[in-house]
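# Structural description and commentary
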Amino acid sequence: MSLKPINIEELNINPFTAIGKEWFLLTAGDINKFNTMTASWGSVGVMWGKNVITTVVRSNRHTFNFINNSDTFTISFYPQDCKDILNYCGSHSGKVVDKVAETGLKPIELNGGVAFEQAKLVFVCKKLYAQQLDINNFIDTSCSKWYSDTNPIHTAFVGEVVAVYSKE
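Residues numbered from 1 in each chain as written. Predicted model: local features only at pLDDT ≥ 70, side-chain atom pairs only at ≥ 80, totals over all residues. Heavy atoms only, no water.

## A closer look at the overall build of the protein chain
The helix and strand inventory of the protein chain stands at four helices and ten strands. The order of α-helices and β-strands along the protein chain, N terminus first, is β-α-β-β-β-β-α-β-α-α-β-β-β-β. The C-alpha atoms of the protein chain give 15 Å as radius of gyration, which agrees with the globular expectation for 168 residues (15 Å, within 12%). If one aligns the C-alpha atoms of the protein chain with their principal axes, the spans along those axes are about 45 × 40 × 30 Å. Within the protein chain, the fraction of its 168 residues that count as buried is 42%. Within the protein chain, contacts between residues separated by at least 24 positions form 72% of all contacts whose residues are at least 6 apart in sequence. Surface summary for the protein chain: the accessible area is close to 9,400 Å², and the carbon and sulfur share equals 49%. Within the protein chain, one finds 15 positive and 16 negative side-chain charges whose respective centroids are separated by 2 Å. (Helix = DSSP H or I, 4+ residues; strand = E, 2+ residues; numbered from the N terminus. Rg over C-alpha atoms; globule rule 2.2 N^0.38 Å. Buried < 20%, exposed > 50% of the residue type's maximum accessible area, 1.4 Å probe, protein only. Contact = heavy atoms within 4.5 Å. Areas by Shrake-Rupley, 256 points an atom, 1.4 Å probe, with all protein chains shown as cover. Lys, Arg positive; Asp, Glu negative; His and termini not counted. Charge placed at Lys NZ, Arg CZ, Asp CG, Glu CD.)

## Focus: the packing of aromatic side chains
Across all of its chains, the model carries seven aromatic pairs by this definition. Ring centres 6.3 Å apart and planes at 85° place the aromatic pair F77 and F123 in the edge-to-face group. In this pair, F77 is assigned in strand β6 (residues 72-77) and F123 in strand β9 (residues 121-132), connecting sequence segments 46 residues apart. The class of F77 is buried, set by a relative accessible area of 5%. By the ring-pair criterion, three or more aromatic residues cluster together here, those being F24, F77 and F123. The ring of W23 has K83 sitting right over it, with the charged end atom 3.5 Å from the ring centre. (Phe/Tyr/Trp six-rings, centres within 6.5 Å; stacked < 30°, edge-to-face > 60°. Lys NZ or Arg CZ within 6 Å of the ring centre and 35° of its normal.)

## Here's the deal with empty space enclosed by the protein
Considering all chains together, one arrives at one cavity of 30 Å³ or more under this definition. Considered as a void within the structure, the largest cavity measures approximately 30 Å³ in volume. When its residues are assigned to classes, the lining of the largest cavity shows three nonpolar, one polar and two charged. (1 Å grid on protein atoms, 1.4 Å probe; cavity = no way out; pocket = protein on both sides within 12 Å on 5 of 7 lines; lining within 4 Å. Points joined across faces, edges and corners; volume = space filled by probe spheres on them. Nonpolar A, V, L, I, M, F, W, Y, C, P; charged D, E, K, R; others polar.)

## A word on helix α3 (residues 83-91)
Turn by turn, an α-helix covers 3.6 residues, leaving residues three or four places apart pointing in a common direction. Listed as buried for α3 are K83, I85, L86, Y88 and C89. Along its buried surface, α3 packs onto α1 (15-22), β2 (24-30), β3 (33-39) and α4 (99-103).

## Some details on the layout of surface pockets
One number sums up the size of the largest pocket: a volume of about 320 Å³. Considering the residues around the largest pocket, the lining is formed by 15 residues, among which M37, T38, A39, S40 and R61 are closest to the centre. Secondary-structure elements contributing two or more residues to the lining of the largest pocket are β3, β5 (50-58) and α3. The residue makeup of the lining of the largest pocket, split by class, is eight nonpolar, five polar and two charged. A volume near 240 Å³ is recorded for the second largest pocket. Together, 14 residues line the second largest pocket, and L11, N12, I13, L121 and E168 are the ones closest to its centre. Class assignment for the residues of the lining of the second largest pocket results in six nonpolar, four polar and four charged.

## Observations concerning the pairing of strand β4 (residues 42-47)
Sheet analysis places β4 next to β5, joined by six bridges and oriented antiparallel. Within β5, the position partnered with G45 by the bridge is V52. Here β4 folds back onto β5, and the loop between the two strands holds two residues, one of which, W48, carries a positive phi near 55°. (Pairing = 2+ DSSP bridges.)

Rendered as structure tokens:
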């Protein structure tokens, strides 16, 4: 079964489960040169009159330069039988290994973004806004425990959802 475009209003997912428990691949670049990483932090909603997804990336991640220098990024979700792929992509750097070769991921181009045939759901996002979080602005200081000299602060990227593809 291949990915087919769907209307965003047809979606019926729990974002807390999909993002926080099932995880997703964040992919940026173009079909000739891209990187993907596993992520489990992000949000979905409406801002500036647009359907948006916000994801965060640390500056020391290989994907950071790809998303920072791209106009689009994709957020893609996978069936449970792909959990090993997500584990691998979250624990190995694209600077060191070829994640596509090692996992069997099959890249595809969707609306100028890159995703993978194995995905069950893909959001293609046009980057609207980026800003590095400021550790001094945490109201609940327990959130700052995620940051140290070896774990730099995240940059938040807000993207307008310009296309959604699904296998379901």
